[in-house]
Amino acid sequence: MQENNSGDSTRRDVLKRIGAVGVTGLGGAALTSGTAAAKPSVDWEPAHSSNYTAADRGAGYIDWVVIHTVQGSASSAVNWFQDPDADVSAHYTVAQDGYKYQSVSDINIAWHAGGSNYNTYSVGIEHGGYVSGTYEDAQYRASAKLTSWLCDQYGVPKQHPSSVPYDAANPANGGVIAHSQVPESTHTDPGSNWDWGYYMDLVRSY
């Protein structure tokens, strides 16, 4: 369960908002040329309530975006999140053609990053396909636009750090990382076929 320490939450929120100056307003809405950027369209397909933790997260608690690969189709992942016995979920899933689903509200804690506390401090994005396969340009672009919006909305740095701390709860760190980078993870996704240079260039371009 998410720790509820109001003093710590306030400190984190202030630090994150200071760090996000220039990309977000104090209200937390992303700014583009003086107007709030619209969230990319998604198909809301809610996960079963037994597959995530209800919370009330804002910018003070979201420091990371974690990139995953389904090892199957996007629709199969979304359907699995709706199974009450799945014990897993992600906030978003992006199909190979760029179609986007949302299964868990950003304020809640999806179960996507394994046993570490990265679940608590991250948003998870699944991608239809296989680690051994290739990723379509439409998928890169749709995912990058969503990630860019999430970074702007929550003050997450638009960077792909080569290493991450064991403890996800440090607001001085943050960025867009692979599932394989999460401490204690046994997963390899999104794998060597994921083009991080191209992806992060797209994230920063939106």
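Below, the structure is looked at part by part. Please read all numbers here as calculations on a predicted model, not as lab measurements.

Quick look at the overall build of the protein
So, point 1. Secondary structure assignment for the protein yields four helices and ten strands.
So, point 2. Reading the protein from its N end, one meets helices and strands in the order α-β-β-β-β-β-α-β-β-β-β-α-β-α.
So, point 3. In the protein, buried positions account for 51% of the 206 residues.
So, point 4. Sequence separation of at least 24 residues holds for 73% of the intrachain contacts in the protein that already meet a minimum separation of 6.

Observations regarding the sheet that holds strand E9 (residues 122-127)
So, point 1. The strand order E3-E7-E6-E9-E5-E10 describes an open sheet built from six strands, whose pairing is mixed. Across the chains shown, the open sheet's two edge strands, defined by having one partner strand only, are strand E3 (43-44) and strand E10 (175-178).
So, point 2. On the sheet, helix H3 (residues 137-154) packs against strand E5 (64-67), strand E6 (92-94), strand E7 (100-102), E9 and E10 and is oriented at approximately 170° with respect to E9.
So, point 3. Sheet strands touched by helix H4 (residues 196-205): E5 and E10. Its angle to E10, the strand with the most contacts, is close to 150°.

Considerations on the pairing of E9
So, point 1. Burial within E9 is extensive, with six of its six residues counted as buried.
So, point 2. Here E9 shows a buried face lined by Ser122, Gly124 and Glu126 and a second buried face lined by Val123, Ile125 and His127.
So, point 3. As paired elements, E5 and E9 share four bridges and run parallel to each other. In the sheet register, tryptophan 64 faces E9, and the bridge partner there is serine 122.
So, point 4. Examined bridge by bridge, E6 and E9 share three bridges and lie parallel to one another. Looking across to E9, one finds that threonine 93 is bridged to glutamate 126.

Considerations on the nonpolar core
So, point 1. Ranked by internal contacts, the top residues of the largest apolar core, which has 26 residues, are Ile67, Ile125, Leu150, Val176, Trp194, Trp196 and Tyr199.
So, point 2. For this core, the secondary structure elements donating two or more residues are E5, E6, E9, H3, E10 and H4.
So, point 3. For this core, the element with the highest residue contribution is H3, accounting for eight residues.
So, point 4. Beyond its immediate chain neighbours, meaning those up to four positions away, tryptophan 196 contacts Ile67, His160, Val176, Ile177, Ala178 and Pro190.
So, point 5. The next biggest cluster of nonpolar side chains, apart from the first, holds ten residues, and it includes Tyr61, Val66, Tyr121 and Val182.

Some thoughts on the side chain of lysine 100
So, point 1. Considering the arrangement of structural elements, one finds lysine 100 in strand E7.
So, point 2. The buried charged residue lysine 100 lacks any salt bridge partner; its closest oppositely charged side chain belongs to aspartate 97, at an N-O distance of 8.9 Å.
So, point 3. Excluding anything up to four places from it in sequence, lysine 100 contacts Pro40, Ser41, Val42, Asp43, Thr93, Val94, Ala142 and Leu146.

Structural notes on the packing of H3 against H4
So, point 1. At a minimum axis distance of 8 Å, the contact between H3 and H4 shows a crossing angle of 45°. Classified by the angle between their axes, H3 and H4 sit oblique to one another. H3 and H4 meet at a crossing whose hand is right-handed. Taken together, the residues of H4 that come into contact with H3 (itself represented by Asp137, Tyr140, Arg141, Ser143, Ala144, Thr147 and Ser148) are Tyr198, Tyr199, Leu202 and Val203.
So, point 2. Of the residues in the contact of H3 with H4, the class split is six nonpolar, three polar and two charged.

What about the pairing of E5?
So, point 1. Side chains Trp64 and Val66 of E5 all project onto a buried face; the interleaved residues Val65 and Ile67 project onto the opposite face, where all are buried too.
So, point 2. Of the strand pairs in this sheet, E5 and E10 are connected by four bridges, and their pairing is parallel. In the strand pairing of E10, isoleucine 67 is matched with alanine 178.

Side note on unusual backbone geometry
So, point 1. Between aspartate 189 and proline 190 the backbone carries a cis peptide bond, its omega angle lying at 5°.
So, point 2. Topologically, proline 190 is positioned in the loop between E10 and H4.
So, point 3. Residue aspartate 87 is not a glycine yet carries a positive backbone phi of 60°.
So, point 4. With respect to the helices, strands and loops of the structure, aspartate 87 is situated in the loop between helix H2 (74-81) and E6.

Conventions adopted
Residues numbered from 1 in each chain as written. Predicted model: local features only at pLDDT ≥ 70, side-chain atom pairs only at ≥ 80, totals over all residues. Heavy atoms only, no water. Helix = DSSP H or I, 4+ residues; strand = E, 2+ residues; numbered from the N terminus. Buried < 20%, exposed > 50% of the residue type's maximum accessible area, 1.4 Å probe, protein only. Contact = heavy atoms within 4.5 Å. Pairing = 2+ DSSP bridges. Axes fitted to C-alpha atoms, helices over the stretch in contact; angles between N-to-C directions. Core = buried A, V, L, I, M, F, W, Y, C linked by side-chain atoms within 4.5 Å. Lys, Arg positive; Asp, Glu negative; His and termini not counted. Salt bridge = Lys/Arg side-chain N within 4 Å of Asp/Glu carboxyl O. Parallel < 35°, antiparallel > 145°, perpendicular 65-115°, else oblique. Left-handed = near helix turned anticlockwise from the far one by under 90°. Nonpolar A, V, L, I, M, F, W, Y, C, P; charged D, E, K, R; others polar.

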